[in-house]
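The lines below spell out each chain.
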Amino acid sequence: MPTWCPARRRSWCLARSEHADAILAWMQQSPFSRGWVPEAGQPQDVLTGWMRDPDTSCWVVEDDGVPVAYGTIWDDPKEGEAELAHLVVDPARRGRGHGRALVLALAQIAARPGRRVVLRIDPHNDRALAVYVSCHFAILSDAEQEQFNAQQPQLWLARQPAGQASSTPTR
Ligand SMILES: CC(C)(COP(=O)(O)OP(=O)(O)OC[C@H]1O[C@@H](n2cnc3c(N)ncnc32)[C@H](O)[C@@H]1OP(=O)(O)O)[C@@H](O)C(=O)NCCC(=O)NCCS
C-alpha cells in the first residue's frame, strides 16, 4: 500500500464494504454531504454499489491504519475528464490536514496526460473551497460554469497544470 506522508504514516486504499458504516456516519454529519446517499432504504447498498461501479473508484485515507477520509473519482473518458466527488473527512478528525491530503492523493491518482481533473462544490462551502484552492484547483470561467451547470447550480473547479498558480477564489 503506498504511503505518501511517512511522518504521519498516512496511506490510502480502495474502499471496501466494511468501510461503509463509518463513511455513511461521516457523510450524515455535515449539511454539505448529508444528501449524497439517501438515508431511506439501504444506504450501505448504495455506497457499496459505487465501490463496484467500473467507472468509479472509491478511496479511503488511513492515518496510522485508522480510516479518516473518503472520496471518489468518476471517470469520464469521452469528455477527457475525471471528477473528484463525495470527499469527506471524519468529523472528529477535521482540521488536521486529512482533507488536503485526500484531495492531493485523488488528484494524483486521477491524473493522466491530457485529462482534466474537476470537482464541484456548494458555493457556500468555504472550508472545502479553501482546501481545493490550496491543492491547485481554480474556479472555472463564467462561461464554463454556465455550461456545466445546466443540471445543478454548483461551483466548478479544475486542477491547474503543474507550475500554474491557483487563482485567488472570486465569486
Ligand atoms: C471539507 C473537508 C473535506 C476538509 O477536510 P479537513 O480535514 O478539515 O481539511 P484540512 O485539515 O486539510 O484543511 C482545512 C483548511 O480549511 C481551513 N478552513 C477551516 N474552516 C474554514 C472556513 N470556514 N473558511 C475557510 N477556510 C477554512 C483551515 O484553516 C485549513 O487550512 P490551513 O491548513 O491552511 O489552515 C471536511 O471539512 C469535510 O469533510 N467537510 C464535510 C463534507 C464536505 O464539505 N465535503 C466537500 C464537498 S465538495
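Residues numbered from 1 in each chain as written. Predicted model: local features only at pLDDT ≥ 70, side-chain atom pairs only at ≥ 80, totals over all residues. Heavy atoms only, no water.

A closer look at the site of the ligand
In the neighbourhood of the ligand, 23 residues make up the surrounding shell, with Leu-87, Val-89, Gly-97, Arg-100 and Asn-125 lying closest. Within the side chain of Arg-94, a nitrogen or oxygen atom sits 3.2 Å from an oxygen atom of the ligand. One of the backbone N or O atoms of Arg-96 is found 3.2 Å from an oxygen atom in the ligand. Burial of the ligand by the protein chains amounts to 70% of its free accessible area of 970 Å². If you map the ligand onto the pockets, it falls in the largest pocket. Those elements giving two or more residues to the shell around the ligand turn out to be strand S5 (81-89), helix H3 (98-110), strand S6 (116-121) and helix H4 (126-134). Among the residues making up the shell around the ligand, the classes are represented as 10 nonpolar, seven polar and six charged. (Near = heavy atom within 4 Å. Polar contact = N/O pair within 3.5 Å; in protein donor to acceptor, adjacent residues only side chain to side chain. Areas by Shrake-Rupley, 256 points an atom, 1.4 Å probe, with all protein chains shown as cover. 1 Å grid on protein atoms, 1.4 Å probe; cavity = no way out; pocket = protein on both sides within 12 Å on 5 of 7 lines; lining within 4 Å. Sits in = over half its atoms within 2 Å of the grid points. Helix = DSSP H or I, 4+ residues; strand = E, 2+ residues; numbered from the N terminus. Nonpolar A, V, L, I, M, F, W, Y, C, P; charged D, E, K, R; others polar.)

Considerations on the nonpolar core
Counting 28 residues, the largest nonpolar core has Leu-84, Tyr-132, Phe-137 and Leu-157 as its most contacted members. Contributing elements (two or more residues each) for this core: strand S3 (56-63), strand S4 (66-76), S5, H3, S6, H4 and strand S8 (155-159). In terms of residue count, H3 provides more of this core than any other element does, six residues in total. Counting 14 residues, the second-largest nonpolar core is a separate cluster that includes Cys-13, Ile-23, Leu-47 and Val-88. (Core = buried A, V, L, I, M, F, W, Y, C linked by side-chain atoms within 4.5 Å. Buried < 20%, exposed > 50% of the residue type's maximum accessible area, 1.4 Å probe, protein only.)

What about the packing of H3 against H4?
With their axes 9 Å apart at the nearest point, H3 and H4 run at an angle of 50 degrees to one another. Taken as axis vectors, H3 and H4 run oblique relative to one another. Helix-helix and strand crossings are classified by hand; for H3 and H4 the assignment is right-handed. Seen from H3, the contacting residues are Gly-99, Arg-100 and Val-103; seen from H4, they are Val-131, Tyr-132 and Ser-134. Among the residues making up the contact of H3 with H4, the classes are represented as three nonpolar, two polar and one charged. (Axes fitted to C-alpha atoms, helices over the stretch in contact; angles between N-to-C directions. Parallel < 35°, antiparallel > 145°, perpendicular 65-115°, else oblique. Left-handed = near helix turned anticlockwise from the far one by under 90°. Contact = heavy atoms within 4.5 Å.)

Considering unusual backbone geometry
You will see that Asp-64, though not glycine, has its phi angle at about 55 degrees, which is positive. Within the secondary structure, Asp-64 sits in the loop between S3 and S4. Of note in the backbone geometry, His-86 takes a positive phi value of approximately 55 degrees without being a glycine. Position of His-86 among the secondary structure elements: in strand S5.

Description of the pairing of S3
With seven of its eight residues buried, S3 lies for the most part within the structure. Pairing analysis gives five bridges linking strand S2 (residues 10-14) to S3, with the strands arranged antiparallel. When the sheet's bridge partners are listed, Trp-12 is paired in S3 with Val-61. For S3 and S4, the ladder comprises eight bridges, and the chain directions are antiparallel. Paired with Thr-56 across the strands is Trp-74, a residue of S4. Adjacent in sequence and paired antiparallel, S3 and S4 are bridged by two residues, among which Asp-64 carries a positive phi angle near 55 degrees. (Pairing = 2+ DSSP bridges.)

Observations regarding the pattern of salt bridges
With the rule as written, the count across this model stands at seven salt bridges. Residues Asp-64 and Arg-9 are paired through a salt bridge, measuring 3.1 Å at the closest nitrogen-oxygen approach. A residue pair is termed long-range when its members are at least 10 positions apart, and Asp-64 in the loop between S3 and S4 and Arg-9 in the loop between strand S1 (3-5) and S2 qualify at 55 residues. On the basis of relative accessibility, which here comes to 56%, the residue Arg-9 falls in the exposed class. With its nearest N and O atoms 3.1 Å apart, the salt bridge here joins Arg-116 to Glu-81. Taken as a pair, Arg-116 in strand S6 and Glu-81 in strand S5 lie far apart in primary sequence, 35 residues in all. Residue Glu-81 is classed as buried on the basis of its relative accessible area, which comes to 13%. (Salt bridge = Lys/Arg side-chain N within 4 Å of Asp/Glu carboxyl O.)

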